[in-house]
Structures are given as C-alpha cells and as structure tokens.
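# Report on the structure
The residues making up each chain are set out below.
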Amino acid sequence: MINWKMLDINPTDDKAVIKKAYAKQLRIYHPEDNPEEYQRLREAYDAAIKQAGKPEHFAGGRSRPEIALPMLVEDAAPDSDRLNRVSLLSSVMESEIIDDMVYGSQDDVADESLAKLHLDPLQLFWQELHERYRDFNRRVDPQQWETLTKEDFMWDVGSVEKRFDVLIRFLTQNRYMPLDVWTMLDSMFELSNNFEYMQERYDNDVIEYITLQISGALELGYECLLDRQLECDVDDYLRLREEAQFFLMRRQLEDAQQRLAQANELFQEDPDLQLMRAKLALMNGTSNEALDILNQVISYNPKEWEAYLLRGRLLFNWKKYIEAQQDAELLLQHVPDSQDVICLAMECRIALNQLEGAWAIKHDSNKAHFRYYAVMMALCNKHLYSQKSRKKTFKNTLNVMGYRIMDFFLLLWKLNWLLLFIYAASGFFIGFGSLPAYVAVGAMLWRTWKAIRTTYLLLT
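Let me sum up the structure you'll find in this document. These numbers were taken from a predicted model, which means no experiment stands behind them.

### Quick word on helix 10 (residues 160–173)
In a regular helix each residue adds 1.5 Å, so 14 residues correspond to 20 Å; helix 10 covers 20 Å between its end C-alpha atoms and thus fits that length. Within helix 10, 10 of the 14 residues are buried, which leaves it mostly tucked inside the rest of the structure. If you check which residues of helix 10 are buried, you get Arg 163, Phe 164, Asp 165, Val 166, Leu 167, Ile 168, Arg 169, Phe 170, Leu 171 and Thr 172.

Structure below.
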C-alpha cells in the first residue's frame, strides 16, 4: 500500500507529479535530521513509481539507460599526448549516454524546470556540474559549486557511490578550474579521503592529476580571463597552457616552447603563461628575453612574487646588486618565510657589504635548505668577511659549528667518493690487502687531513 499522505499528493500515475512531490517532501524530511521519516518517504516514492505501471521514460519516450560506472583507459606510454588521454573513457558510449540523457531531454521539453523533473538524481547532478562549468564566471567561483549541497539530489543516500563516480568522470573531462574550486570539491566530496577507493576503479594518472590539483602543485590563475572575449574557446587556451606547464615541469623544452607559443598567440595578458615563458627563456639561457618577460608579468600582476624572485636572482647574477636588493627587500615584506627570498636578501646585503643587515635577517633553521647553509658558511668565514657585526651568543655559536660540521662532511665526501669506490672495487676483485687498496686508503687519509685542516681554518 502506497503512503500517499507521506508524499502529500492524491493517488496518481503521473511520475512527474510523484517526483515533484518527493523533491518537495525531501526538504522537510532530511535524511540526516529525520532518518526514519526519510526512509518512509523513500519507500512511498519507490512504491508510487513502481505502481505507475510503465518503465520510466524521458521526454521523447526513450527509456532511461543505466549509468555505467566510468573506467578510464589504461595508458602507460609517456608520449606527448599523455596529458590529454587521462580524460578518455573506456567507452565513448558512456559519455554519449549521459549527454543524451541530460541534453537530449531538453529538446523535447521547453520548460527547463519541467525537463529536470524527468531526470533522476545522478542525471541532475551531471547536469548541474556542466551548467556551472559552461559559464566561466560560475566555473571559477567556489561558492557556485558549494550551492550543490543545497540541491535535493545531493541527499539521495542510495546513490552516493555512483555520484562519486559521475564526479570523477566529470573532472577527467572538465579539469580547468582554480585551486579554490578544487579545494571546495575536495571538502564537499572528500576526494582526498577516497584515493584508496579510486585506485581500484581509475587509472593512476587520473588519481595523480586530481591529487596534484588539490595540493596546489598545478595551481594556475584564472582571474585574468574573467569578462574577456577570446577569439578561441577558452578551454582550448587553458589546455595549451596546462600542457605547457606539464612539459616544462618535465623539462621537455621543445614541447613546452611549442605549447607556449600557441597559447601566447591566443592570449598574452596571462601572468602565469608569461611566467612560464620567462622560465623557459632562463632554461634556454636567453636571459635578456627572460628579463623582458618578467617585467611584463609584473606589469600584469604586481603581486606575482615569483616573478620578483626570478628577476632579483637574474639581476644578482648580473652583479646589479642594488636593483636585485630592491626586489629582495620587497619580497621580504610579503613572503618573509620563503627560504629562496631569505637567501637572495642575504646575498644582496653581503655583496653590498651590509654584513650587519645580513646577520639580522630572521630565519627558521629547521626549514633552511642547502643554499642557505652555503650562504651562512660563507658569511661565517672570517677570512672573507669581518665577524665584528655578529652577535656571538651561545645559540649562534652552536649554529655556526653545525654549519662547519656539515661543511666538513660535504667536503670529505667530495674529496673521497671516487677513492672510496676504488678501494671497495679493489677489495672485491683483488683483495683488501692489495697494493691498489693500500694506495686508495693512503690517498683518502691525506684528503681527510686536508678536509680537517680546511674546516679548522674556517672555524678559527
């Protein structure tokens, strides 16, 4: 017996009316707030649909096919088309089925709201995803994606797993979105917490790509494209930009140069694109071109701090220390925790004989990298720079000793690694008591003494 009272309608065989009533009552009997009432509502809805007496149809009289779960093409070939292939499905028909269900139904139903009544929760979800993505201003707005949680179909607890599969398929086909949107989708659908589940169903390239997007490793800006009329499809431009980033990260410079040139012909006022062009110019050794591009990037986005860092380092290498210091000091104000910024600022101050200022730069020694240690070892060398401005506290003394000890082991390894290899090879093939082994040991002892003597001179 059907609980029509639960649906709050009179008995009917009209599935559109039943669905509309169910969607209305779902706002009242929320699955989290009223799980028992929701279950009764769901049972009443299922029974009413079943009693309607005929297979569920879409507009135009076509029976609704089941949505197949997406499985991506396995592809291990590391060729130039690999990035694009992560969006391919194992069957083209899977994508065509959903597109036909979602968009084909609107050809026969003029009223969009009425057309949506003919779609089940998964199809509504697919359609809402595409509606947000097709409108570029909505695509880049995280709040637009957050409104998905207010849709009734999101509370269909029986299709959570399939809804997740539909989302993954959507993301493989429509991936050009800012970091804020990826983060929002991660918080809404717990993508990061479902990687184990994803590994059982999807290609590893897809999982890696989504992981990198959520982590921000592939972050690119989209603000420059807002309210712009491009002569090409915006996704064509974004595809070229992403491919250029992909090849640049892997140092495939020829492929990167080709994609950057194509993207630059379509749109030039993108700071991220121009920044990649500057990096490519630096990798190719065309420093003058890189400087011109970096100046262009900063004119497009005065807060593109990476451009200031690259320009400052370039100017420093040209021994234009005053200009380099201007960039370094600006960076210290806005990104004071960056180790690269700290190193550049210290090197500029040292080059300009501002030793007290170099010592005054604050840093977190736990996050320091090799370049910082190299700068500090040079700064602590009394044969190179006066130590009068250094505050000789116990903590500073320990830090300096730590730098020197590390310097000692690095120097020791650099001097002896080849001799150590010869000694091991001689011992293995001839015997550790052989003449070549003794010669290698003697040479290592001599070079160890030189390393100790050098470190002592630096410490004193």
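### Overview of the environment of Asp 340
Within the secondary structure, Asp 340 is located in helix 20 (residues 339–351). Assessed through its relative accessible area of 38%, Asp 340 is described here as partly exposed. Taking C-alpha positions, Asp 340 is 7.9 Å from Leu 309, a pair spaced 31 residues apart along the chain. Setting aside chain neighbours within four positions, we find Asp 340 in contact with Leu 309, Arg 313 and His 369.

### A look at a nonpolar patch on the surface
Taken together, Trp 413, Trp 417, Leu 418, Leu 420, Phe 421 and Ile 422 make up a surface patch of nonpolar side chains, about 670 Å² in accessible area. Structurally, Leu 420 is set in helix 23 (residues 394–429). A relative accessible area of 42% means that Leu 420 is categorised as partly exposed.

### Comments concerning the nonpolar core
Counting residues in each nonpolar core, the largest one holds 52 residues, and the members touching the most others are Phe 125, Trp 145, Leu 191 and Leu 225. Listed by contribution, the elements that provide at least two residues to this core are helix 7 (121–134), helix 10, helix 11 (179–189), helix 13 (204–215), helix 14 (234–249), helix 15 (253–266) and helix 16 (271–283). In terms of residues, this core owes the most to one element, helix 14, which gives eight residues. With residues up to four places along the chain from it excluded, the contact list for Trp 145 reads Leu 129, Arg 132, Tyr 133, Arg 138, Arg 139, Phe 170, Met 177, Val 181, Met 184, Leu 185 and Met 188. Core analysis: the next-biggest nonpolar cluster, separate from the first, contains 32 residues, Val 297, Ala 328, Ile 350 and Ile 361 among them.

### Some thoughts on the pattern of salt bridges
All chains considered together, the criterion is met by 13 salt bridges. A salt bridge links Arg 241 to Asp 270; the nearest nitrogen and oxygen atoms lie 2.7 Å apart. In this pair, Arg 241 is assigned in helix 14 and Asp 270 in the loop between helix 15 and helix 16, connecting sequence segments 29 residues apart. This pair shows no difference in class: Arg 241 is buried, exactly as Asp 270 is. Arg 259 is the partner of Glu 243 in a salt bridge, and the nearest nitrogen-oxygen pair spans 2.6 Å. Within this pair, whereas Glu 243 is found in helix 14, its partner Arg 259 is found in helix 15, the two being separated by 16 residues in sequence. Glu 243 sits in the buried class, given a relative accessible area of 4%. Connected via shared salt-bridge partners are Arg 239, Glu 243 and Arg 259.

### Observations regarding the packing of helix 16 against helix 18 (residues 305–317)
With their axes 11 Å apart at the nearest point, helix 16 and helix 18 run at an angle of 25° to one another. In terms of their interaxial angle, helix 16 and helix 18 are classed as roughly parallel. As for how helix 16 packs across helix 18, the hand of that crossing is left-handed. Here Leu 275, Lys 279 and Leu 282 of helix 16 lie close against helix 18, whose contacting residues are Glu 306, Ala 307, Leu 310 and Leu 314.

### Observations regarding the packing of helix 17 (residues 287–300) against helix 18
Packing of helix 17 against helix 18 leaves a shortest axis separation of 9 Å and a crossing angle of 145°. Like other packed secondary-structure pairs, helix 17 and helix 18 cross with a definite hand, here left-handed. Residue-level inspection shows Ser 287, Leu 291, Leu 294, Asn 295, Val 297 and Ile 298 of helix 17 in contact with helix 18, the latter providing Ala 307, Tyr 308, Leu 310, Arg 311 and Leu 314. Across the contact of helix 17 with helix 18, the residue classes break down as eight nonpolar, two polar and one charged.

### Side note on helix 18
If you check helix 18, its first and last C-alpha atoms are 19 Å apart, about what 13 residues at 1.5 Å a residue would give, namely 18 Å. Listed as buried for helix 18 are Ala 307, Tyr 308, Leu 309, Arg 311, Gly 312, Arg 313, Leu 314, Leu 315 and Phe 316.

### As for unusual backbone geometry
In this structure, Glu 190 is a non-glycine residue whose phi angle is positive, near 55°. With respect to the helices, strands and loops of the structure, Glu 190 is situated in the loop between helix 11 and helix 12 (195–199). One non-glycine residue, Arg 251, adopts positive backbone phi at about 55°. Secondary-structure assignment places Arg 251 in the loop between helix 14 and helix 15. On the accessibility criterion, Arg 251 (54% relative accessible area) is exposed.

### Let's talk about the packing of aromatic side chains
As enumerated under the stated definition, the model contains 11 aromatic pairs in all. For the ring pair Phe 246 and Phe 247, a centre distance of 5.4 Å and an interplane angle of 75° mean the geometry is edge-to-face. Comparing Phe 246 with Phe 247 shows no difference in burial state: the two are buried. Through a chain of ring-to-ring contacts, the aromatic side chains of Trp 126, Tyr 133, Trp 145 and Phe 170 assemble into a single cluster. The ring of Tyr 133 carries Arg 139 above its face, with NZ or CZ at 3.7 Å from the centroid.

Conventions and cut-offs
- Residues numbered from 1 in each chain as written.
- Predicted model: local features only at pLDDT ≥ 70, side-chain atom pairs only at ≥ 80, totals over all residues.
- Heavy atoms only, no water.
- Helix = DSSP H or I, 4+ residues; strand = E, 2+ residues; numbered from the N terminus.
- Expected span 1.5 Å × (residues − 1).
- Buried < 20%, exposed > 50% of the residue type's maximum accessible area, 1.4 Å probe, protein only.
- Contact = heavy atoms within 4.5 Å.
- Patch = residues over 30% accessible without salt bridge, like charges linked within 9 Å, V, L, I, M, F, W, Y side chains within 5 Å.
- Areas by Shrake-Rupley, 256 points an atom, 1.4 Å probe, with all protein chains shown as cover.
- Salt bridge = Lys/Arg side-chain N within 4 Å of Asp/Glu carboxyl O.
- Core = buried A, V, L, I, M, F, W, Y, C linked by side-chain atoms within 4.5 Å.
- Axes fitted to C-alpha atoms, helices over the stretch in contact; angles between N-to-C directions.
- Parallel < 35°, antiparallel > 145°, perpendicular 65-115°, else oblique.
- Left-handed = near helix turned anticlockwise from the far one by under 90°.
- Nonpolar A, V, L, I, M, F, W, Y, C, P; charged D, E, K, R; others polar.
- Phe/Tyr/Trp six-rings, centres within 6.5 Å; stacked < 30°, edge-to-face > 60°.
- Lys NZ or Arg CZ within 6 Å of the ring centre and 35° of its normal.

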